[in-house]
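Remarks on the overall topology
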Amino acid sequence: MGGILSNIFGAGGSDGQDSPHSESATNVMSFHSSARWQLHFDSCKTSSQLMVIDFAASWCGPCKIMEPELRKMASTYSDVQFVKIDVDELSDVAQEFQVQAMPTFVLVKGGKEVERVIGARKDELLKKIEKHRAQQ
């Protein structure tokens, strides 16, 4: 579904593979290139801003359930960076973060993982976002 959304909302590059983009009017960025992701991630390592990485797959039912919830969170928490990674598209990034189930939400600060939520657990994810964004 990420590819479809990329085409609908525009991905920046001519083929959507070179540039990250925000889905709709929210702050959810999608990456379609491991090199672009790595550049972005490296640039965030010196920041105290909380980043929530959503590891999902287009075929994953619970991921689809969480997608609108994640967009709401991105609209509510404009001081938090939300990123979506398709595990099939960027399997190397999923392996780097040792993702074994979808959805997996990895909360990162200063380039280091501070929390992880596995599964469509909206309330747990919200609590962890609240906890770590308060520590900025």
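Here the structure is a predicted model, which means the values were calculated and not measured.

**A closer look at the overall build of the chain**
A count of helical and extended segments in the chain gives five helices and six strands. Helices (α) and strands (β) of the chain occur, in sequence order from the N terminus, as α-β-β-α-β-α-β-α-β-β-α. Sequence-distant contacts in the chain: of pairs separated by 6 or more residues, those separated by 24 or more amount to 64%.

**Quick notes on the pairing of strand β5 (residues 104-109)**
Among the six residues that make up β5, six are buried, leaving the element largely enclosed by the rest of the structure. Of the two faces of β5, both are covered, the one formed by Thr 104, Val 106 and Val 108 as well as the one formed by Phe 105, Leu 107 and Lys 109. As judged from the six bridges shared by β5 and strand β6 (residues 112-118), these two strands associate in the antiparallel manner. Residue pairing for β6: Val 108 is matched across the bridge by Glu 113. In sequence, β5 turns back onto β6 through a hairpin of two residues, with Gly 110 there showing a positive phi of about 60°.

**Re helix α2 (residues 34-43)**
Burial in α2 covers these residues: Trp 37, His 40 and Phe 41. The buried side chains of α2 occupy one side of the element, clustering within an arc of 100° when seen end-on. Set apart from the buried face of α2 by more than 90 degrees, the exposed residues are Ala 35 and Leu 39. Capping the start of α2 is the job of one residue whose side-chain oxygen sits 3.3 Å from the backbone nitrogen of Ala 35: Ser 33.

Rules behind the numbers
- Counting of residues starts from 1 at the beginning of each chain's written sequence and follows it residue by residue.
- Only residues with pLDDT of at least 70 get local features here, since the model is predicted, and only at 80 or more are side-chain atom pairs given and counted; chain-wide, interface and lining totals rely on the full set of residues.
- Note that the side-chain values use all heavy atoms of the structure and ignore hydrogens as well as water.
- The helix count covers DSSP runs of H or I at least four residues long, the strand count covers runs of E at least two residues long, and both are numbered beginning at the N terminus.
- In this analysis, two residues are considered to be in contact whenever any of their non-hydrogen atoms come within 4.5 Å of each other.
- Classification of residues uses two cut-offs on accessible area relative to the type maximum, computed with a 1.4 Å probe and protein chains only: under 20% is buried, over 50% is exposed, and between them is partly exposed.
- Here the rule is simple: two strands pair whenever DSSP picks up at least two bridges between them.
- Comment: arc refers to directions from the helix axis out to C-beta atoms.
- Whenever a nitrogen or oxygen atom comes within 3.5 Å of another N or O atom, the pair is scored as a polar contact, on the condition that within protein one atom can donate a hydrogen and the other can accept it, and that pairs from neighbouring residues in sequence are kept only if both atoms are in side chains.

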